[in-house]
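Inside the fold
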Amino acid sequence: MKYAIPDNIQKLQLRIKRQLNKIFKYLNYRFLKSWIYLFIATISFLFITIVSTDLTFSQVPEDTYKRDLISDIFAGSQKSIQNYIEGMYVAPNGTVYTNSHEDKAGAEASIYKDGNVIGVLSDLHGWSRHGGKAVTANSKYIYIAMSQGFVGKIDKDYPPEGITWYCVRRYNLSGKPAPFANGRGWDKSMLIVNTKSEVTGLATKDKNLYVSDAANNKIRVYNTETMKELRNFSFLRPGDITIDKQGNLWIIQKQDAKNPAKILRYSSSGKQLPQKITNVVLPRAIALDNQGRLLVAENGTLQQVLIYNIQDQPVQVGTFGHTGGIYGGVPGEVQDLKFYGLTGVGADTQGNLYINNNGFNNSGTDLRKFSPSGKQLWRLLGLSLVENADVDPTTDGREVFTKYEHFLIDSSKPKGQQLTYKAYTLNGFKYPQDPRLHISPDATFVRRINGERFLFLLDPYSNALEIYRFNPSKDGNIAIPAGMFVGKNNEGKSAISGTWPPQQPATGKWIWRDRNGNGAFDKEEYDHSEDSSSVTGWWVDSKGDVWTTLGDREGIRHYSLQGLDTNGNPIYTYSSMQKETTPRIFTDLRRIKYFPESDTMYLSGFTVKNPATFVDPLAAGSEIARFDNWSQDNRILRWRIVVPNDTIRKREIITASTHSVPD
């Protein structure tokens, strides 16, 4: 059991300590002094433990809470599934090579086989290095698109300040860089393609490495051993590349504002051939299967793999996957053959098919292998990146939500088997103005209002609180944009820079509510205010009220829920907002949590007694305080405690967040 120490016992401790200090002024023997201190401290600890048993304010058994794992089946081990996959190549034996721009665990480019992580390409994380969106391999090497930026290393081979190298980097099959004569970079394993934009496609055949250089509208051909350029030819907006059995290239030509996407066929020498595919919308990746058919990962509204016979003129002969992907049938419902955000497709010599789903806005890895008959054989998930989850309060922790996903948890199952991925809640085709497509929230609150489920999402900088509703009869599992709070821009500009959201007020802070129910930001739907800025903390209580703290003496803002409108959106207004004074002990409030059932408020921030040692907007403060009877005249400061606070700029020990368990 854990117990809180009452104030009177703490005072007794302090009196004992003061008396001991007086006694020890007259003691000259350090050894004796140390033993007496140890003896008194032990007696004091035992006394406090015994007494506090009878005076406990709350008792929480240690084993009340159980930890379950979600989003990555290898969580807790030395392996990890990368955050997302942007490029994929499948070798004839079924080894899957991947690439992405960034992974928080340093696995930007990884190697998978038989449902397992078998390798990671090294030295892609840090030192201004990043992965990319293209990868290929042959029997000897792996080739990936990557970038190298400036780091100031004048004694090594790095680009000058303001310049980024967009490269192809060569690795051996175990994932170690494979340098070559005249190679660039600190280890001589990089081939600089250009300094304008990234490589968008890679493929190999015999000793030829084909590279899509979109910055210069060219396909460049290099020798796979020497990495010297052999030839190049013009190609507008080149993307992914694959090579057919005749040695000819199939290349995605990306769409632009005036031209739709196509897939074109070229000879290995660079001559355009008559075959082309034009009935595609957003082809994201291409590959050949073991029958020589062309597989196209169509990332438009179809969300399917399109299959073409390419013996003569290309003819579509089939599709793989549910029409509409995750949005077909019950929208958002996860099933084996429902895809979403396709970024990779490939096949092995046995006819097995490999497909990667990246969600939208790089929401996470969902890599699957299928048998030739279409049965899912294995699946790897790496869905959540630097974010918090929350449970539906009516499910006793069995239903968990993140900003994109809905999970079911069965704690009785072994580690790694507790998770069921139930739904993907984002539909960018139907709701293109969904804030999750434009900013990146990382904290989730799930609340029930009038029995209906709502999702609240907070961005990392406490500037915006997004609100979503659910309408299962029309939108299945999709979270529908319902409202949004946005803080004020201190420079007198619009709260959010850029073209999104449309029609936002030119200055100040605002509350948006989807009054017409279309999930889009319309001009008449904004409530505007020039109230104080610098919001440092947000909270949504169990009744649906929204609370914020301001980073100074300005106080607390309480937005009481005014009910639901005819479309089921929560109503909040500035006219009904209540201003509450900052408790006198605080000089800078940072976090807030209120529990209306017990009328208990938890606040954290910097205090008069423990002020901030330097400006850090991420810190939760130096103290946490609990107030009982918060909404009444007889408000009581129940306790206040000092939390770890950086005093020598060791940011790794800054307390950035707090959490209260209601008792």
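Before reading further, recall that the structure is shown in the block above.
About the cut-offs
- Residues numbered from 1 in each chain as written.
- Predicted model: local features only at pLDDT ≥ 70, side-chain atom pairs only at ≥ 80, totals over all residues.
- Heavy atoms only, no water.
- Pairing = 2+ DSSP bridges.
- Helix = DSSP H or I, 4+ residues; strand = E, 2+ residues; numbered from the N terminus.
- Core = buried A, V, L, I, M, F, W, Y, C linked by side-chain atoms within 4.5 Å.
- Buried < 20%, exposed > 50% of the residue type's maximum accessible area, 1.4 Å probe, protein only.
- Contact = heavy atoms within 4.5 Å.
- Axes fitted to C-alpha atoms, helices over the stretch in contact; angles between N-to-C directions.
- Phe/Tyr/Trp six-rings, centres within 6.5 Å; stacked < 30°, edge-to-face > 60°.
- Salt bridge = Lys/Arg side-chain N within 4 Å of Asp/Glu carboxyl O.
- Polar contact = N/O pair within 3.5 Å; in protein donor to acceptor, adjacent residues only side chain to side chain.

1. Notes on the sheet that holds strand β29 (residues 419–424)
Taken in spatial order, the four strands of this open sheet run β26-β27-β28-β29, and their pairing is antiparallel. Edge positions in the sheet fall to β26 (390–391) and β29, since each has one partner strand and no second. As paired elements, strand β27 (residues 399–401) and strand β28 (residues 405–409) share three bridges and run antiparallel to each other. When the sheet's bridge partners are listed, Phe-401 is paired in β28 with His-406.

2. Description of the nonpolar core
Formed by 35 residues in total, the largest nonpolar core has its most connected members in Phe-456, Leu-465, Phe-485 and Leu-603. When residues of this core are assigned to their parent elements, the largest contribution, five residues, is made by strand β40 (residues 586–595). The contacts of Leu-465, once residues within four sequence positions are left out, are Phe-445, Phe-456, Leu-457, Leu-458, Gly-483, Met-484, Phe-485, Trp-538, Val-540 and Val-546.

3. Side note on the sheet that holds strand β21 (residues 315–320)
The sheet built from four strands is open, its strands ordered β18-β19-β20-β21 with antiparallel pairing. Whereas interior strands pair on both sides, the edge strands pair on one side only; in this sheet they are β18 (283–288) and β21. Ignoring which end each strand starts from, the neighbouring axes of this sheet average 25 degrees apart.

4. Re the pairing of strand β33 (residues 479–486)
By the criterion of burial, β33 is predominantly enclosed, with eight of the eight residues buried. As paired elements, strand β32 (residues 464–470) and β33 share seven bridges and run antiparallel to each other. Of the residues in β33, the one forming a bridge with Ala-464 is Val-486. Examined bridge by bridge, β33 and strand β34 (residues 509–513) share four bridges and lie antiparallel to one another. Directly across from Val-486, in β34, lies its bridge partner Trp-510.

5. Here we look at the packing of aromatic side chains
Per the stated rule, a full pass over the model turns up 30 aromatic pairs. Between Phe-445 and Trp-539 the ring centres are 5.7 Å apart and the planes differ by 85 degrees, which places this aromatic pair in the edge-to-face class. With Phe-445 in strand β30 (residues 443–449) and Trp-539 in strand β36 (residues 535–540), this pair connects stretches of sequence that are 94 residues apart. Taken as a pair, Phe-445 and Trp-539 share a single burial class, namely buried. Ring centres of Trp-510 and Phe-521 lie 6.4 Å apart, and the angle between their planes is 80 degrees; this geometry places the pair in the edge-to-face category.

6. Here we look at the pattern of salt bridges
Going through the model one piece at a time under the given rule, you end up with 33 salt bridges. Asp-157 serves as the salt-bridge partner of Lys-188, at 3.9 Å between the closest nitrogen and oxygen. Of the two residues, Lys-188 sits in the loop between β8 (165–172) and β9 (190–194) while Asp-157 sits in the loop between β7 (141–148) and β8, which places them 31 residues apart along the sequence. Judged by its relative accessible area of 17%, Asp-157 is buried. Salt bridges here are not isolated pairs; linked through shared partners, they connect Asp-123, Arg-129, Arg-169 and Asp-187.

7. Digging into the environment of Tyr-266
By the element assignment, Tyr-266 lies in strand β16 (residues 262–266). Separated by 23 residues in the primary sequence, Tyr-266 and Ile-243 have C-alpha atoms spaced 9.6 Å apart. Not counting the four nearest positions on each side in its chain, Tyr-266 is found in contact with Phe-233, Ser-234, Phe-235, Asn-248, Leu-249, Ile-251, Lys-271, Gln-272 and Leu-273. Here the side chain of Tyr-266 touches Gln-272 through a polar contact of 3.2 Å, side chain to side chain.

8. Digging into the side chain of Asn-83
By the element assignment, Asn-83 lies in the loop between α2 (30–54) and β1 (87–90). Accessibility expressed as a relative area gives 13% for Asn-83, which makes it buried. Among the polar contacts made by the side chain of Asn-83, one reaches the main-chain amide nitrogen of Lys-104 at a distance of 2.9 Å.

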